[in-house]
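So the chains spell out like this:
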Amino acid sequence: MSATPPSPSPAAASPTAATPSPAASSLDRKAEAWSALFSEPMSELVQRYTASIGFDHRLWRADIEGSLAHAEMLAAQGIVSAQDLADIRRGLGQITADIEAGRFEWKLELEDVHLNIEARLTQLVGDAGKRLHTGRSRNDQVATDVRLWLRGEIDQLRGLLAALQRALVDQAERHAEVILPGFTHLQVAQPVSFGHHLLAYVEMFARDDERLADVRKRVNRLPLGAAALAGTSYPLDRERVARTLGMEGVCQNSLDAVSDRDFAIEFSAAASLVMVHVSRLSEELILWMSQNFAFVDLPDRFCTGSSIMPQKKNPDVPELARGKTGRVVGHLVGLLTLMKGQPLAYNKDNQEDKEPLFDTVDTVRDTLRIFAELVAGLVVKPEAMERAARRGYATATDLADYLVKKGLPFRDAHETVAHAVKLAIAEGRDLAELPLERLQQMHPAIGEDVFGVLSLRGSLDARRVVGGTAPEQVRAQVARHRGRLG
Ligand code: ARG
């Protein structure tokens, strides 16, 4: 299949010898004019401007699937004959084979994927091809195609999201006991388990998956039968077509069915959140890989060097993912803007839904694939993480909690510890390095047992609340995710 359609060629419009002569239908003459009503053809520029075949040929499989379901229903309802259906099936079978083999000739003058396939079908099977469009319009056809295509893509993306989550869960289990500083305001706050940190992203991606599953329900409804905008006078069995296509139901208002693209917009919103989550992870990987943190290393296959600075190893993949998040969010805004001014029902504006949608799917798909591998290959440096956690008085809260347990009101304990930290800073030591007598000067209730509390491990182990960072909690969460992800 050629990605870019050839420039208009008059030969493209000529019917084959096998075609009965009336099959030289308005479709074949579209290059010159739509119908007897038109007195002049489009200029080449207008043709290029209005055509979507350059990108919407990607919908071909959905287009054929939708046409087959429509034709089967037309035959079952006695609207077309069994012979017509057989011809349509044969013709669409041949077209499928030709497209798969890269033999199909996409023609710019036939504007879009729908007209290209229909024109070729008529060339191949004659009048039966011309009957396929009975009770149908490109308006309900394109809405159906996009939904069918998107449904398949959502299923694929969900599989990739699960793979990324599994990679994170594996790393989390391996590093449940590894301690790094947890930050707020990017200032050292409290020690946390690296496994716990990674599982935060698993939660985000799990919610992304829930959102995609929910969007899928609304994507998976059938517009066909809405025809151009008002429904059709043919006795169509829309429920049957929906069943054939595995859709959950039919759109209940024909005007809405052909015009709204909210399903594409909410998919883009869900996809944007996936990217925002990947982007946050990317930002952390970039920071962690910097010499100033040196918490992790990325395998060389995800990095590039510098053409001028021989020592450089740059985290290009996370940087690009962070950058590509901008374009996916941009597509969301583009689609929202595309929709906002449109009166009912279908408007050609909607042809502009495809490129942002396709690019969103491509970008998210590649990003998720790469990140599953990247996370699996992440090299963790526990000593550097722990060293960082020792700087910055990460266990100050633990000392305050200790004093509360000795009977001090929390606010007083907070104040006492602030003095202790001030002293430690002045002496250039960690809290745990202050002698017991100095600590007791801060408060007489402090005893020998304080050193257990001031250790990173003690701080971690104490946070055993559900959702807390204690390694035993982290392992419990790992088990829960494993059960969920299968
Ligand atoms: N290529 C068109 C699209 O993507 C198909 C629908 C055209 N309908 C029409 N009335 N011009 O929206």
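Above this note sits the structure.
Residues numbered from 1 in each chain as written. Predicted model: local features only at pLDDT ≥ 70, side-chain atom pairs only at ≥ 80, totals over all residues. Heavy atoms only, no water.

Considering the layout of surface pockets
Next up, step 1: For the largest pocket, the calculated volume is near 420 Å³.
Next up, step 2: Residue lining of the largest pocket: 18 residues in total, with G182, F183, H197, R280 and E284 positioned closest to the centre.
Next up, step 3: With 5 residues, the single largest contributor to the lining of the largest pocket is helix α8 (residues 194-219).
Next up, step 4: Classifying every residue of the lining of the largest pocket gives 10 nonpolar, 6 polar and 2 charged. (1 Å grid on protein atoms, 1.4 Å probe; cavity = no way out; pocket = protein on both sides within 12 Å on 5 of 7 lines; lining within 4 Å. Points joined across faces, edges and corners; volume = space filled by probe spheres on them. Helix = DSSP H or I, 4+ residues; strand = E, 2+ residues; numbered from the N terminus. Nonpolar A, V, L, I, M, F, W, Y, C, P; charged D, E, K, R; others polar.)

As for the packing of aromatic side chains
Next up, step 1: Going through the model one piece at a time under the given rule, you end up with 5 aromatic pairs.
Next up, step 2: Seen in terms of ring centroids, W149 and F358 are 4.8 Å apart; in terms of plane orientation they differ by 70 degrees. Their pairing is edge-to-face. Of this pair, W149 sits in helix α7 (residues 138-174) while F358 sits in helix α13 (residues 354-376), placing them 209 residues apart in sequence. Accessibility classification places W149 together with F358 in one group, the buried group. (Phe/Tyr/Trp six-rings, centres within 6.5 Å; stacked < 30°, edge-to-face > 60°. Buried < 20%, exposed > 50% of the residue type's maximum accessible area, 1.4 Å probe, protein only.)

Some details on the site of the ligand
Next up, step 1: Around the ligand sit S52, D112, H114, R138, N139, V142, Y346, Q351 and K354, and those are all the residues in its vicinity.
Next up, step 2: S52 is positioned with one of its side-chain polar atoms (N or O) 3.3 Å from a nitrogen atom of the ligand.
Next up, step 3: A distance of 2.9 Å is found between a nitrogen atom of the ligand and a side-chain nitrogen or oxygen belonging to N139.
Next up, step 4: Alone, the ligand offers 340 Å² of accessible surface; in the complex the protein occludes 86% of this.
Next up, step 5: No other element matches α7, which puts 3 residues into the shell around the ligand. (Near = heavy atom within 4 Å. Polar contact = N/O pair within 3.5 Å; in protein donor to acceptor, adjacent residues only side chain to side chain. Areas by Shrake-Rupley, 256 points an atom, 1.4 Å probe, with all protein chains shown as cover.)

Some thoughts on the side chain of H277
Next up, step 1: With respect to the helices and strands, H277 occurs in helix α11 (residues 262-289).
Next up, step 2: A residue is classified by how much of its surface remains accessible, and H277, at 8% relative accessible area, is buried.
Next up, step 3: Contact partners of H277, with chain neighbours within four places excluded, come to Y201, M204, F205, D208 and R211. (Contact = heavy atoms within 4.5 Å.)

Looking at helix α16 (residues 410-427)
Next up, step 1: End to end, α16 covers 26 Å across 18 residues, agreeing with the expected 26 Å (1.5 Å per residue, within 8%).
Next up, step 2: The inward-facing, buried residues of α16 abut α15 (396-405) and α17 (436-442).
Next up, step 3: Immediately beyond the C-terminal end of α16, within one or two residues, lies G428, with a positive phi of roughly 65 degrees. (Expected span 1.5 Å × (residues − 1).)

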